[in-house]
Amino acid sequence: MVHVPTISLNQGNAIPQLGYGVFKVDPKEAERAVGMAFEAGYRSIDTAMIYRNEEGVGAAIKASGIERDELFITTKLWNDDQGYDSTLTAFDASLKRLGLEYVDLYLIHWPKPSLDKYLDTWRAFEKLKQDGRVRAIGVSNFKIPHLERLLDATAIVPAVNQIELHPSLPQNELHDFHETHGIVTEAWSPLAQGELDAPVIVALAEKHGRTPAQVVLRWHMQRGIVAIPKSITPSRIAENIDLFDFALDDDDMQQMRELDTGRRIGPDPDNF
Ligand code: NDP
């Protein structure tokens, strides 16, 4: 069985450094896909209300027979549900679809500054945490000014900020800010949605006798970042967790730094 390292969160629990993301996994396919991920050794699953596959994730959890405390389940609050009361209602619905009594991590999916509701939303998250219905609360797609406002106005520091992060967008400044405040950085689209053909990555893959995806995921691991690659291909699901018996050296890590172009795949959180 693969041993995936964990990272302690500032709210008492710990997150596996590698998880399995299910964005764009067809709701009808989700149970089977998550089942394959469990078979391959993943124990952390990242879903969201808006992926419409929480029920499939829940079914896979039930069918797996894995003890609840061996799993780490994340889901997210969608933008339309921001606000104090609507957050509590949306959380109940997510939990019901997942068939769980608690989630390990609940995230505000996007800050949506134009709505100006993320502080009220966070206060509802704090209540969910106090009531023991979530083990940790965090955010996603927050930039430094959004985090600063949250830290100034509310009591609990987010455990995690899940952000777009891959070799062309290493997010150095935000990652440093997180480290200063005890927030764990989690990378979405850690494989840049499969865009892995940069010559540096291909050369490092050849050097280590690994695949480009493994080089990129290893780079995340060595930066202390949590990654949640998605695949519905059985061989890739296995490949993406087979990372813990090789290492990039300092020179390799330096070469990876040169891929930083600041290019986003997804939207800028200020305007989305
Ligand atoms: P990823 O960077 O994980 O890339 C997924 C793509 O890469 C798929 O097309 C997959 O193909 C392909 N792929 C996977 N493994 C390999 C491999 N070993 N070799 C070559 N290609 C590979 O992108 P995602 O956007 O899916 O991000 C991952 C997760 O992050 C999501 O599933 C979701 O959980 C989360 N996320 C969160 C967001 C947020 O706003 N908080 C936004 C976007 C994502 P195939 O499936 O066909 O094998």
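All values derive from a computational prediction rather than experimental measurement.

(A) Expanded view of the environment of valine 157. Within the fold, valine 157 resides in the loop between α5 (144-153) and β8 (160-164). On the basis of relative accessible area, valine 157 is assigned to the partly exposed category, the value being 31%. Taking the C-alpha atoms as reference points, valine 157 and valine 139, 18 residues apart in sequence, are found 9.9 Å from one another. Setting aside chain neighbours within four positions, we find valine 157 in contact with Asn10, Gln11, Trp122, Leu151, His181 and Ile183.

(B) The packing of aromatic side chains, seen in detail. Taken as a whole and assessed by the stated rule, the structure comprises eight aromatic pairs. Aromatic side chains phenylalanine 91 and tyrosine 106 sit 4.9 Å apart centroid to centroid with 65 degrees between the ring planes, which places their arrangement in the edge-to-face category. Of the two residues, phenylalanine 91 is situated in helix α3 (residues 84-98) and tyrosine 106 in strand β6 (residues 105-108); the sequence distance between them amounts to 15 residues. Like phenylalanine 91, the residue tyrosine 106 is buried in the burial classification. Ring plane angle 65 degrees and centroid distance 5.1 Å describe the contact between tyrosine 118 and phenylalanine 142, whose orientation is recorded as edge-to-face. Of this pair, tyrosine 118 sits in helix α4 (residues 118-130) while phenylalanine 142 is found in the loop between β7 (137-140) and α5, placing the two residues 24 residues apart along the sequence. Judged by its relative accessible area of 1%, phenylalanine 142 is buried. By the ring-pair criterion, three or more aromatic residues cluster together here, those being Phe91, Tyr106, Trp122 and Phe125. One Lys or Arg, arginine 149, reaches over the ring of tyrosine 118 and ends 5.4 Å from the middle of that ring.

What counts as what
- Residues numbered from 1 in each chain as written.
- Predicted model: local features only at pLDDT ≥ 70, side-chain atom pairs only at ≥ 80, totals over all residues.
- Heavy atoms only, no water.
- Helix = DSSP H or I, 4+ residues; strand = E, 2+ residues; numbered from the N terminus.
- Buried < 20%, exposed > 50% of the residue type's maximum accessible area, 1.4 Å probe, protein only.
- Contact = heavy atoms within 4.5 Å.
- Phe/Tyr/Trp six-rings, centres within 6.5 Å; stacked < 30°, edge-to-face > 60°.
- Lys NZ or Arg CZ within 6 Å of the ring centre and 35° of its normal.

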